[in-house]
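Report on the structure
One letter stands for each residue in the lines below.
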Amino acid sequence: MVDLFIWLFSFFILVAILVVLVFQLICLADLEFDYINPYDSSSRINKVVLPEFILQGFLCLFYLLTGHWVMSLLCAPYLYYNVRLYTRKQHLVDVTEIFNLLHWEKKQRIFKLVYVVILIFFAVFWMIYTALEDADD
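Residues numbered from 1 in each chain as written. Predicted model: local features only at pLDDT ≥ 70, side-chain atom pairs only at ≥ 80, totals over all residues. Heavy atoms only, no water.

The chain is annotated in an unreviewed UniProt entry as Protein cornichon-like protein 4 from Hibiscus syriacus. We quote the UniProt Subcellular location (unreviewed entry) comment for the chain here in full: "Membrane". Reading the Sequence similarities (unreviewed entry) entry of the UniProt record for the chain gives the comment "Belongs to the cornichon family." (UniProt positions renumbered as here; feature names shortened; annotations may be inferred.)

Rendered as structure tokens:
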């Protein structure tokens, strides 16, 4: 039963990361279609970048501490990419360069979005598997 709550908790963390990524994509799309100015767009995105990184790092550590090694290994590339961006000081969106890097920023967020959707699929699979296994006992 505890395993089911672990998967449920990780599912909600993954959904929170998904919401943050969709918010960033919406801000970039609004900027592309000239609905908001570059300053507002970059400040909105920069406010949620660090919470996204912290949530993802917590999720990877959570999987390690709960003994779900496979999911922890699946989260590792995403965590490594976020740490690499942070150490190179490339994690924030620059107001003056946002139009030049708009295509790259959108592609980066879409890749992260697909990766998180795959992780959600695995989490839902293991949550259902655990629930069915608990029902047999």
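Under the feature "transmembrane region" (unreviewed entry), the UniProt entry names residues 53–81 and 113–132. End-to-end, the C-alpha atoms of residues 53–81 are 10 Å apart, and along that stretch the chain is 93% helix and 0% strand. Secondary structure content for residues 113–132 is 100% helix and 0% strand, while the C-alpha to C-alpha distance between its ends is 28 Å. (Helix = DSSP H or I, 4+ residues; strand = E, 2+ residues; numbered from the N terminus.)

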